[in-house]
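# Geometric and topological summary
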Amino acid sequence: MSHTAHIPSHRKPRRRASKSALRAGVAGGVLSTVAVAGAAGPAQAEPVTQTIEMPTITSGLATAVAASAQATQQVALDLEAQAHEDAAAQDAAKAAKKAKAEAVRKAEAEKKAEAAAKAKAEAEAKERAERASRTAARTTLSAPSSSSSGNSTTASAPSSAPSTSSNATGSAASIVAFAKAQVGDAYVSGGTGPNAWDCSGLVQAAYRSVGIDLPRVSQAQSTAGTQVSLSNLQPGDILYWGAAGSAYHVAIYVGGGQFVGAQNSSTGTVQRSMDYDRPTGAVRVL
């Protein structure tokens, strides 16, 4: 570098006299103003003796609070009314549900009663039909037979009334006692006891009580012993309805012109007079 080159100075430049004078003048003016204002002010400040009321602001706030309270009360009243309406609706729904359930119960009861009445009527009709069938079977069995010459003879009607003896002894007495003890039990097709029977099931159980095994069905029971006349019956004899070997009903003669048998689902097990439904024949096993 040339020795004649300019080397900048690091010293701050001097402030201009005019700017320094200006600043001094401004400061002096401010101080003078403050001094004048202090001299002109009062020596003591008077105390504040009145408050400024703000009627407009206070009145508006009170109105807003009152309106808010009224609105809150109205909401509470509306909620209470709604609660009453809901409770009334629930009570009405419960009452309607209860009434419906009662109506359904009555309808079911009436339906069951009708079904029971219908079943009873059908059972009675079935019993009448069975009686008619038995009567027809007896008529057929007792119908006159024609000879080869064409002459006909009248079949003999059942002879005199059966023996009324009821003095059963030994095994016969036990059979009669067993049969009478079942009176009132239900009739069930295929029933073999101890509380429900069909006709042949009762006869089989009565004889089994004294150690005698009989066939299970009425057809076989009608030929299980010696054929005897209805006028010469003894307690314990087996009565049958229909032809021997193809009987459709059996019972036990208990003496005194009566029998015990499991009749049908309507009557159950009963003790009846032979006049109620006269049997076709009888067999003696003992």
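Structure's up top.
Presented here is a report on the structure given in the accompanying data block. (Residues numbered from 1 in each chain as written. Predicted model: local features only at pLDDT ≥ 70, side-chain atom pairs only at ≥ 80, totals over all residues. Heavy atoms only, no water.)

### As for the overall build of the protein
- Within the protein, the secondary structure is distributed over five helices and eight strands.
- Reading the helices (α) and strands (β) of the protein from amino to carboxyl end gives α-α-α-β-β-α-α-β-β-β-β-β-β.
- Here the protein, with 286 residues, has 22% of them falling under the buried criterion.
- Expressed as a percentage of contacts within the protein between residues at least 6 apart in sequence, the contacts between residues at least 24 apart total 59%.
- Total accessible area on the protein is roughly 19,600 Å²; 57% of this is exposed by carbon and sulfur atoms. (Helix = DSSP H or I, 4+ residues; strand = E, 2+ residues; numbered from the N terminus. Buried < 20%, exposed > 50% of the residue type's maximum accessible area, 1.4 Å probe, protein only. Contact = heavy atoms within 4.5 Å. Areas by Shrake-Rupley, 256 points an atom, 1.4 Å probe, with all protein chains shown as cover.)

### Comments concerning the pairing of strand 8 (residues 281–284)
- Here strand 8 shows no split at all, with Gly 281 and Val 283 on one side and Ala 282 and Arg 284 on the other all buried.
- Bridge analysis of strand 3 (residues 226–228) against strand 8 gives three bridges, and the strand direction is antiparallel. Bridging across to strand 8, Thr 226 finds its partner in Arg 284.
- In the sheet, strand 4 (residues 238–241) pairs with strand 8 via three bridges, with the strands oriented antiparallel. From the neighbouring strand, Ile 238 faces strand 8, where its bridge partner is Val 283. (Pairing = 2+ DSSP bridges.)

### Quick word on the environment of Val 250
- Turning to its location among the elements, Val 250 is positioned in strand 5 (residues 249–255).
- On the accessibility criterion, Val 250 (0% relative accessible area) is buried.
- Separated by 51 residues in the primary sequence, Val 250 and Cys 199 place their C-alpha atoms 5.7 Å from one another.
- Excluding its chain neighbours within four sequence positions, the residues that come into contact with Val 250 are Cys 199, Ser 200, Val 203, Ser 218, Gln 221, Ile 238, Leu 239, Tyr 240 and Trp 241.

### Considerations on helix 3 (residues 170–181)
- The first and last C-alpha atoms of helix 3 sit 17 Å apart over twelve residues, in line with the 16 Å expected at 1.5 Å per residue.
- Among all positions of helix 3, only Ala 172, Ile 175, Val 176 and Ala 179 are buried. Mapping the buried residues of helix 3 onto a view down its axis gives an arc of 95 degrees, with all of them on the same face. Facing away from the buried side of helix 3, by more than 90 degrees, are the exposed residues Gly 170 and Ala 181. (Expected span 1.5 Å × (residues − 1). Arc of directions from axis to C-beta.)

### Concerning the pairing of strand 6 (residues 258–264)
- Of all the seven residues making up strand 6, six are buried; the element is thus mostly covered by neighbouring parts of the structure.
- Where strand 5 and strand 6 come together, three bridges link them in antiparallel fashion. By the bridge assignment for strand 6, Ile 252 is matched with Val 260.
- Linking strand 5 to strand 6, which pair antiparallel, is a turn of two residues; within it Gly 256 sits at a positive phi near 65 degrees.
- The sheet contact formed by strand 6 and strand 7 (residues 268–273) spans six bridges and is antiparallel. Within strand 7, the residue paired with Val 260 across the bridge is Gln 271.

### Considerations on the side chain of Arg 284
- Note that Arg 284 resides in strand 8.
- According to the relative accessible area criterion, Arg 284 is buried, its value standing at 16%.
- Separated by 2.7 Å, the side chain of Arg 284 and the backbone oxygen of Asn 232 make a polar contact.
- Of note is the side chain of Arg 284, whose polar atom sits 3.0 Å from the side chain of Asp 237.
- Excluding anything up to four places from it in sequence, Arg 284 contacts Gly 225, Thr 226, Val 228, Asn 232, Leu 233, Gln 234 and Asp 237. (Polar contact = N/O pair within 3.5 Å; in protein donor to acceptor, adjacent residues only side chain to side chain.)

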